[in-house]
Amino acid sequence: MAMAVSSFAAAYWLLLMFGSSHWHVATGLLFFALWLAPRRDWPWIALLVFLARWAHDSIVGPGSGRVWGHLLEPVLVAAAVFWLRRGFDVPAALADLHGGVRFLLSALL
């Protein structure tokens, strides 16, 4: 578990370093991690995201999000994943058209 958490934190931070505001792959990684993780681990993932974004701003310089953006990103992504997981228990449920539309709508959120 500690290896997975450390790997997630490192990957998220690296993606922040190389991502841009138009193609934010770090948020996609967060979406994927929340989709796979049990809900009891979500607060820890949100804390790691906050710390990674804080470290990024400390090294690169403050971005436009400041503290509110650091706090809101994991909350908004968790809300989308919660909404998505509420309707689908397994990823295979995304194979039909209705599941795909719901997935894209929650990713849009």
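Residues numbered from 1 in each chain as written. Predicted model: local features only at pLDDT ≥ 70, side-chain atom pairs only at ≥ 80, totals over all residues. Heavy atoms only, no water.

### Structural notes on the confidence of the model for the protein chain
Stage number 1. The share of residues in the protein chain with pLDDT of 70 or more is 78%, and the mean pLDDT across the chain is 78.
Stage number 2. Here helix H5 (residues 97-108) stands out as the least confident element of the protein chain, with mean pLDDT 74; helix H2 (residues 25-36) is the most confident, with 86. (pLDDT = per-residue confidence, 0-100. Helix = DSSP H or I, 4+ residues; strand = E, 2+ residues; numbered from the N terminus.)

### A few points about the packing of H2 against helix H3 (residues 42-60)
Stage number 1. Interhelical geometry of H2 versus H3 gives an angle of 165 degrees and a closest axis separation of 10 Å. The angle between H2 and H3 places the two elements in the roughly antiparallel class. Like other packed secondary-structure pairs, H2 and H3 cross with a definite hand, here right-handed. Where H2 abuts H3, its residues Leu-30, Ala-33 and Leu-34 lie against Trp-42, Ile-45 and Val-49. (Axes fitted to C-alpha atoms, helices over the stretch in contact; angles between N-to-C directions. Parallel < 35°, antiparallel > 145°, perpendicular 65-115°, else oblique. Left-handed = near helix turned anticlockwise from the far one by under 90°. Contact = heavy atoms within 4.5 Å.)

### A few points about the packing of helix H1 (residues 2-18) against H2
Stage number 1. Taken N-terminus to C-terminus, the directions of H1 and H2 make an angle of 155 degrees; their axes are 8 Å apart at the nearest point. In terms of orientation, H1 lies roughly antiparallel with respect to H2. Here Phe-8, Ala-11, Tyr-12, Leu-15 and Leu-16 of H1 lie close against H2, whose contacting residues are Val-25, Ala-26, Thr-27, Leu-29, Leu-30 and Ala-33.

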